[in-house]
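Below are the chains, spelled out letter by letter.
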There are 2 protein chains.
Amino acid sequence: MGLILLRYGEIALKGRNRPLFLRALRRNIRACLREHGIQGIVSSKGQRVYVETEQVAEATAPLQRVFGVVSLSPVTEVAHEVEAIVNAGVREALAAGVKPGVSYRVQARRSDKSFPLISPEINRVVGEAIYEATQGDVDLSRDADVTIGVEVQRDRALLYGRVLRGPGGLPVGTEGRVVALVSGGIDSPVAAWLMMKRGCGVVPLHLSQNDAETAKTLANLEQLKRYAYGWEFRPTVLQHAEVVAPALAALAEMREERWSCLVCKHLMLRRAQELAAEVGADAIVMGDSLGQVASQTLPNLRAISLGIELPVLRPLIGMDKTEIIEIARRIGTFDVSTRVQHACPFLPANPITGGSVAALQEILEALGPILDGGAP
Amino acid sequence: MGLILLRYGEIALKGRNRPLFLRALRRNIRACLREHGIQGIVSSKGQRVYVETEQVAEATAPLQRVFGVVSLSPVTEVAHEVEAIVNAGVREALAAGVKPGVSYRVQARRSDKSFPLISPEINRVVGEAIYEATQGDVDLSRDADVTIGVEVQRDRALLYGRVLRGPGGLPVGTEGRVVALVSGGIDSPVAAWLMMKRGCGVVPLHLSQNDAETAKTLANLEQLKRYAYGWEFRPTVLQHAEVVAPALAALAEMREERWSCLVCKHLMLRRAQELAAEVGADAIVMGDSLGQVASQTLPNLRAISLGIELPVLRPLIGMDKTEIIEIARRIGTFDVSTRVQHACPFLPANPITGGSVAALQEILEALGPILDGGAP
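Because the structure is predicted, anything quoted here is derived from the model rather than measured. (Residues numbered from 1 in each chain as written. Chains lettered and ligands numbered in written order. Predicted model: local features only at pLDDT ≥ 70, side-chain atom pairs only at ≥ 80, totals over all residues. Heavy atoms only, no water.)

On to the overall build of chain A, then. Along its length, chain A carries 13 helices and 14 strands. In terms of overall dimensions, chain A is more spread out than a globule: its C-alpha atoms have a radius of gyration of 26 Å, far above the 21 Å expected for 376 residues. Dimensions of chain A, computed from the C-alpha atoms along their principal axes, are close to 85 × 40 × 35 Å. Put simply, chain A has 376 residues, and 56% of those count as buried. (Helix = DSSP H or I, 4+ residues; strand = E, 2+ residues; numbered from the N terminus. Rg over C-alpha atoms; globule rule 2.2 N^0.38 Å. Buried < 20%, exposed > 50% of the residue type's maximum accessible area, 1.4 Å probe, protein only.)

Listed below in structure tokens is the structure:
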């Protein structure tokens, strides 16, 4: 039977809520294994979570996408005897490629305080044995090419030479629900992913302007779904013709097309708020950055939220485009988002850049019942 | 006379607003030089900004803190003749430490299309001369240890071997004003910095609970000020005894201490909104992350904004604590923030974690005129 050790970070700080977070983490890890048809037993002990499975190789990549997991290591389990530990340490070092010119260090942790050697002594004896077997370069700093981890527990010792990165964050589902406005573009899927990372169950809401962009949106959600273990995406797709078109037609008649973007976004926030009430969400997520396009100004952000009572979360608001793209690449949405892009066909020639709340209010009042899908 | 070449990123995408952003960038660069007593001439041409100065060494570190600057390079200016370029290229390579075992590449750009060599030819002749002089390792990929840049302009050629990183973002002042709630802790200064990075003029607002934390807050603002070239911080400091204490005393009488944190934050948002109206700010910035402490829940975020009309920007909302700390270290606030910390003395034993809007509304109504600083 193989064993994988998973490390969590912030959950460890949760004080009396820690059992709650740990339970959610174990539940999401089980959902991950189940989704990939992997048989495994999930348990937690001390500051670690363990997955016992025959399918270690298949399990690592999916487990690297479970939020709350900071890192993980496939481990070798041996008896908690010095000789067994030393031999396993040498095997791990050889497997990790330690040799002349490759540096290594040993890092022991001892939860069994009755073990005859203390941690620095374990480091020394295992380190010396590795040197004899490999002639690798000893490097006690963090810069060592290979770190051989040793965890001496009461009834066993665990050794590992590889540390694989997890996504960090908090287990999905521990921080409530949010409605996320998503499109086929680069930004909004990243914003939704960041809120999933912070433990939110994301309910996607999309405004369909054409089939191609909607297909891209759904493909983006497929990418995000790979991180949503323990949570089921149920996207809501609204049709532009029904939700926004009547208002835009009325604006055109009023010769106020320059308000189109703000009215469209405001309408989407209204729909998002309605959906939030239905699904029990407490916030709306948008992919706005500041100043990325001419209409992403502070006055416009303010105007579109007119009368919206839910908090609007904008996790990208302080990021540069290059930083957003970096995340999009990492989570697999960038390639989808940058397929042939269909610019919004309703973009006015001179969109408002400093929309005042009062002016938008007048426009909305003039539009009247059209905003709720009624007749003008 | 020495020369520094500065590169900007997103500003290049600004379309017809580009001259506006460039003017702000040049203005902030001038403010930076002035603040450090550096004589220099700032100009822009093509996709570059240039600083001509006798004090290149003194200028580089401050210029690396001007938002909008993606990177900068001290450059050597030579006549735009092949021989002069080749000689300067060799000098730059030697100065940058190219030798056997150190890899290099040459990257030429040619804005003077009449120059006798095209860019790949310039790369080749300069690269070969460097090889003859240094026997360094040729590496045409991005992984080269040293990149020798060559920019052939109409009347001169510029060469550089060092590329120093700037903070990116947009010039401070181009994206309006925000009121930022700041404390002596780790998060809120990072949130304020991120909004400065996106071009906002930040107006700091601090609630003083004790002198030590207020001193830390002001020390944090000193660190942020190093990035605020072209913008003057004018912090507003409110006294807990005046702004919050009466409401907390009333809560204690009502035996509703568990609402203390929410009422305190709500009061600060009210004051922030008043200050925003005075200084012409369009948003409020807070350092909230999600789930970092028990009271940072979605329902609580929603409840504290009750009746607040300005958008509340939370640039850290999608970040892990480790990511926030990484930025804090980079911008110099971490060491200040982690000096002896004084926990809030008014923290109740059981703060509300799922405050409903309706329940907070009742509490606020019961508190009545106390909220505005009046008598109960």
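Next comes the rest of the account.
Residues and elements named next belong to chain A. On the basis of which strands lie adjacent, the open sheet formed by 5 strands has the order S12-S11-S10-S13-S14 and parallel pairing. Both outer strands of the open sheet, strand S12 (236-239) and strand S14 (312-313), are each paired with one neighbouring strand and no more. Pairing geometry for strand S13 (residues 284-285) and S14, over 2 bridges, is parallel. Along S14, the bridge assignment pairs Val 285 with Leu 313. Running at roughly 170° to strand S11 (residues 201-208), helix H6 (residues 211-225) makes contact with S11 and S12 of the sheet. With respect to the sheet, helix H9 (residues 260-279) is in contact with strand S10 (177-181), S11, S12, S13 and S14, its orientation differing from that of S11 by roughly 140°. (Pairing = 2+ DSSP bridges. Contact = heavy atoms within 4.5 Å. Axes fitted to C-alpha atoms, helices over the stretch in contact; angles between N-to-C directions.)

Here we take up the side chain of Ser 73 of chain B. Residues and elements named next belong to chain B. Of note, Ser 73 is situated in strand S4 (residues 69-78). A residue is classified by how much of its surface remains accessible, and Ser 73, at 0% relative accessible area, is buried. At 2.9 Å, the side chain of Ser 73 forms a polar contact with the side chain of Arg 7. When neighbours within four sequence positions are excluded, Ser 73 is seen to be in contact with Leu 3, Ile 4, Leu 5, Arg 7, Tyr 160, Arg 162 and Val 163. (Polar contact = N/O pair within 3.5 Å; in protein donor to acceptor, adjacent residues only side chain to side chain.)

Before going further, it helps to spend a moment on the relation of the copies chain B and chain A. Copy one and copy two of the chain differ by a rotation about a common axis and a shift along it. The operation relating chain B to chain A is a screw motion whose rotation component is 180°, with 0.0 Å of axial translation and a residual RMSD of 0.0 Å. Taken together, the turn and the small shift mark the pair as related by a two-fold rotation axis. Using C-alpha coordinates, one finds that chain B approaches the rotation axis most closely at Pro 315 of chain B, a distance of 2.8 Å. An overlap of 100% is found between the interface residues of chain B and their copies at the interface of chain A, pointing to a shared contact surface. (Least-squares fit on C-alpha atoms with pLDDT ≥ 70 in both.)

With that settled, consider the sheet that holds strand S13 (residues 284-285) of chain B. All names here are of chain B. Taken in spatial order, the 5 strands of this open sheet run S12-S11-S10-S13-S14, and their pairing is parallel. Two strands lie at the open edges of the sheet, namely strand S12 (236-239) and strand S14 (312-313), each paired on one side alone. Where helix H6 (residues 211-225) meets the sheet, its contacts fall on strand S11 (201-208) and S12, and the angle it forms with S11 comes to roughly 170°.

The next point concerns helix H13 (residues 357-367) of chain A. All names here are of chain A. Buried within H13 are the following residues: Leu 360, Ile 363, Leu 364 and Leu 367. One side of H13 holds all its buried residues, which, seen down the axis, span an arc of 100°. In H13, the exposed positions that point more than 90 degrees away from the buried face belong to Ala 358, Glu 362, Glu 365 and Ala 366. Where H13 is buried, its residues touch helix H8 (245-253), H9 and helix H10 (298-304). (Arc of directions from axis to C-beta.)

Another aspect to go through is the pattern of salt bridges. For the structure on display, the rule yields 32 salt bridges over all chains. Residue Glu 77 of chain A is joined to Arg 156 of chain A by a salt bridge in which the shortest nitrogen-to-oxygen separation is 3.5 Å. In this pair, Glu 77 of chain A sits in strand S4 (residues 69-78) while Arg 156 of chain A sits in the loop between strand S7 (146-152) and strand S8 (157-160), placing the two residues 79 residues apart along the sequence. Accessibility expressed as a relative area gives 44% for Glu 77 of chain A, which makes it partly exposed. Salt-bridge contacts for Glu 232 of chain A lead to Arg 234 of chain A; the nearest nitrogen and oxygen are separated by 3.6 Å. Neither residue differs from the other here; Glu 232 of chain A and Arg 234 of chain A are each classed as exposed. If you follow the salt bridges from partner to partner, you end up with Lys 197 and Arg 198 of chain A together with Asp 320 and Glu 323 of chain B in one network. (Salt bridge = Lys/Arg side-chain N within 4 Å of Asp/Glu carboxyl O.)

So, about the confidence of the model for chain A. Averaged over all residues, the pLDDT of chain A is 91; the fraction at 70 or higher stands at 97%. Per the prediction output, this complex has pTM 0.92; the corresponding ipTM is 0.91. (pLDDT = per-residue confidence, 0-100.)

The subject of this paragraph is the environment of Ala 144 of chain B. All names here are of chain B. Within the secondary structure, Ala 144 sits in the loop between strand S6 (137-138) and strand S7 (146-152). Judged by relative accessible area, which is 11%, Ala 144 ranks as buried. With 143 residues separating them in the primary sequence, Ala 144 and Met 1 have C-alpha atoms 30 Å apart. Discounting chain neighbours no more than four positions away, the residues touching Ala 144 are Ser 103, Tyr 104, Arg 105 and Asp 139.

On to the pairing of strand S8 (residues 157-160) of chain B. All names here are of chain B. Where burial is concerned, the two faces of S8 agree: the one with Ala 157 and Leu 159 and the one with Leu 158 and Tyr 160 are both buried. Examined bridge by bridge, S4 and S8 share 3 bridges and lie antiparallel to one another. Considered in S8, the bridge of Glu 77 is made with Leu 158. The pairing of S7 with S8 spans 4 bridges and is classified as antiparallel. Its bridge partner lying in S8, Val 150 is registered against Leu 159. The turn linking S7 back onto S8 is made up of 4 residues.

So, on to the interface of chain B and chain A. You'll often see interface size given as the accessible area lost when the parts meet. Across the contact, 45 residues belong to chain B and 45 residues belong to chain A. Connecting chain B to chain A are 8 salt bridges. Two residues, Glu 323 of chain A and Lys 197 of chain B, come together in a salt bridge whose shortest N-O distance is 2.6 Å. Taken together, chain B and chain A are joined by 12 residue pairs in polar contact (both at pLDDT 80 or more). Mapped by element, the contributors of at least two residues to the side of chain B that touches chain A are strand S10 (177-181), helix H5 (187-197), helix H10 (298-304), S14 and helix H11 (321-331) of chain B. Top contributing element to the side of chain B that touches chain A by residue count: H10 of chain B, with 4 residues.

Let's shift gears to the packing of aromatic side chains. All names here are of chain B. All chains considered together, the criterion is met by 6 aromatic pairs over all chains. Here the aromatic rings of Trp 193 and Tyr 227 are separated by 5.5 Å at their centres, their planes lie at 85°, and the arrangement is edge-to-face. One end of the pair, Trp 193, is in helix H5; the other, Tyr 227, is in the loop between H6 and S12, with 34 residues separating them in the sequence. Overall, the relative accessible area of 8% leaves Tyr 227 in the buried class. (Phe/Tyr/Trp six-rings, centres within 6.5 Å; stacked < 30°, edge-to-face > 60°.)

What follows concerns the packing of helix H9 (residues 260-279) of chain B against helix H13 (residues 357-367) of chain B. All names here are of chain B. Relative to each other, H9 and H13 sit at 75°, their axes nearing to 11 Å. Taken together, the axis directions place H9 and H13 in an arrangement best described as roughly perpendicular. Where H9 approaches H13, its residues Leu 262, Val 263 and His 266 are matched on the opposing element by Leu 360, Ile 363, Leu 364 and Leu 367. Here the residues of the contact of H9 with H13 sort into 6 nonpolar, 1 polar and no charged. (Parallel < 35°, antiparallel > 145°, perpendicular 65-115°, else oblique. Nonpolar A, V, L, I, M, F, W, Y, C, P; charged D, E, K, R; others polar.)

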